[in-house]
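An overview of the molecular structure
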Amino acid sequence: MRIALLSLIVLLGGALAYAEQPDLNHDASQPVHVTSQRLEADDAKGYFVFKGDVQAQQGDVNIYAQQLTVYYSDSDKKQIDRVVAEKDVRIVQLNRVATGQKAIFWENQSRVELTGDPKVVQGESVVAGEKIIVYLNYSRSIVEGGEKGRVKAVFVPGESAE
């Protein structure tokens, strides 16, 4: 889960790559704190689910959702396959906020997909679409439009990322 939270930092910076980026050195060795109203685990199926007002925090990254599901490999419970945040998802780091109804963090592909009216806001700059995809190892992002509308972006030049 620590890698997934570190991935969120890159999501917040990657989708707004046009803005000046601060030093995003995040200490992934920091503890991850998760609170929720309920925790369910199913070792046979390889997942556990935090439900109800979920808050996950590592360093300066905070994730809020109604549900957070962590899928891990059957052979080694410490090897995370993907993390899915659902319902009223909000990811916050510094002055960057990403929102949507669903966020999937694909560990082995180093990719994050944000859907359900996704939007990333940094200060007054905003990018939104039907799907926001961030390739974490390549500092590359794609914002897709779709049936619900086109990509929308507002860029404020010279705005500080902190």
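Here, every reference points to the structure presented above.
Summing up its helical and strand segments, the protein has one helix and 12 strands in all. Across the protein, helices and strands are ordered from the amino to the carboxyl terminus as α-β-β-β-β-β-β-β-β-β-β-β-β. Split into buried and exposed, the 162 residues of the protein put 38% on the buried side. In the protein, the proportion of contacts linking residues at least 24 apart, taken out of those at least 6 apart, comes to 44%. Only carbon and sulfur atoms are counted for the fraction: they give 46% of the accessible area of the protein, which is about 8800 Å².

With that settled, the discussion passes to the packing of aromatic side chains. Within the structure shown, the criterion is met by three aromatic pairs. Geometrically, the ring pair formed by Phe-48 and Phe-50 is edge-to-face, given 5.7 Å between the ring centres and 80 degrees between the ring planes. Here Phe-48 and Tyr-72 contribute two aromatic rings whose centre-to-centre distance is 6.1 Å and whose plane-to-plane angle is 40 degrees, an arrangement assigned as tilted. On the criterion of sequence distance, the pair formed by Phe-48 in strand β3 (residues 47-58) and Tyr-72 in strand β4 (residues 61-72) is long-range, its members being 24 residues apart. Aromatic rings pair up to connect Phe-48, Phe-50 and Tyr-72 into one cluster.

Structurally, the position occupied by Arg-96 is in strand β6 (residues 96-106). Here Arg-96 falls in the buried class, since its relative accessible area comes to 0%. For Arg-96, the side chain forms a polar contact with the side chain of Gln-122, separated by 3.1 Å.

Positionally, Gln-67 belongs in strand β4. Among all residues touching Gln-67, those that are not within four sequence positions of it are Val-49, Phe-50, Lys-51, Val-54, Val-84, Ala-85 and Glu-86.

This next bit is on the pairing of strand β2 (residues 38-42). Along β2, only zero of the five residues are buried, which leaves the element largely exposed. Bridging between β2 and β3 involves five bridges; their strand directions are antiparallel. Residue pairing across strands places Leu-39 opposite Phe-50, the latter belonging to β3. Remark: four residues form the turn of the hairpin made by β2 and β3, two consecutive strands paired antiparallel; Gly-46 in that turn has positive phi of roughly 75 degrees.

Let us now look at the nonpolar core. Membership of the largest hydrophobic core comes to 21 residues, with the highest contact counts inside it found for Leu-68, Val-83, Ala-85, Val-89, Ile-91, Ala-103 and Phe-105. Elements supplying a minimum of two residues to this core: β3, β4, β5 (80-93), β6, β7 (111-115) and β10 (131-135). With five residues, the single largest contributor to this core is β5.

What follows deals with a negative patch on the surface. Among the surface-exposed residues, Asp-117, Glu-130, Glu-144 and Glu-147 lie close enough to one another that they form a single negatively charged patch. Take Glu-130: it is sitting in the loop between β9 (125-128) and β10.

In this structure Tyr-72 comes out as buried when scored by relative accessible area, which is 8%. Here the alpha-carbon distance between Tyr-72 and Tyr-47, two residues 25 residues apart in the chain, equals 5.9 Å. Within the structure, the side chain of Tyr-72 is placed 2.7 Å from the side chain of Asp-43, a separation counted as a polar contact.

About the cut-offs
- What you see as residue numbers is a count from 1 along each chain, following the sequence as written.
- It should be noted that, the model being predicted, local features are given only for residues of pLDDT at least 70 and side-chain atom pairs only at 80 or more, the latter also being counted only at that level, while totals for whole chains, interfaces and linings use all residues.
- Values reported for side chains reflect all heavy atoms of the structure, with hydrogen atoms and water molecules removed beforehand.
- Secondary structure elements follow DSSP: runs of H or I of four or more residues count as helices, runs of E of two or more count as strands, with numbering from the N terminus.
- Relative accessibility thresholds used throughout: buried, under 20% of the residue-type maximum; exposed, over 50%; partly exposed, between the two (1.4 Å probe, protein chains only).
- Whether two residues are in contact is decided by their heavy atoms: any pair within 4.5 Å suffices.
- Accessible areas in this description were obtained via Shrake-Rupley with a 1.4 Å probe; residue shielding takes into account the shown protein chains only.
- Aromatic rings from Phe, Tyr and Trp, taking only the six-membered ring of Trp, are treated as a pair when their centres fall within 6.5 Å; an angle between ring planes under 30 degrees marks them as stacked, one over 60 as edge-to-face, and anything in between as tilted.
- We call two N or O atoms a polar contact when they sit within 3.5 Å, provided that within protein one can donate a hydrogen and the other can accept it, with sequence-adjacent residues counted only if both atoms are side-chain atoms.
- Two strands are said to pair when DSSP picks up at least two bridges between them.
- Among buried residues, the Ala, Val, Leu, Ile, Met, Phe, Trp, Tyr and Cys ones that are joined through side-chain atoms within 4.5 Å form a nonpolar core.
- To count toward a patch, a residue needs a relative accessible area over 30% and no salt bridge; like charges are then connected within 9 Å, while nonpolar side chains (Val, Leu, Ile, Met, Phe, Trp, Tyr) are connected within 5 Å.
- We define a salt bridge as a side-chain nitrogen of Lys or Arg found within 4 Å of a carboxyl oxygen belonging to Asp or Glu.
- Only four residue types enter the tally: Lys and Arg on the positive side, Asp and Glu on the negative side; His and the chain ends are excluded.
- By convention, charge coordinates are those of NZ in Lys, CZ in Arg, CG in Asp, or CD in Glu.

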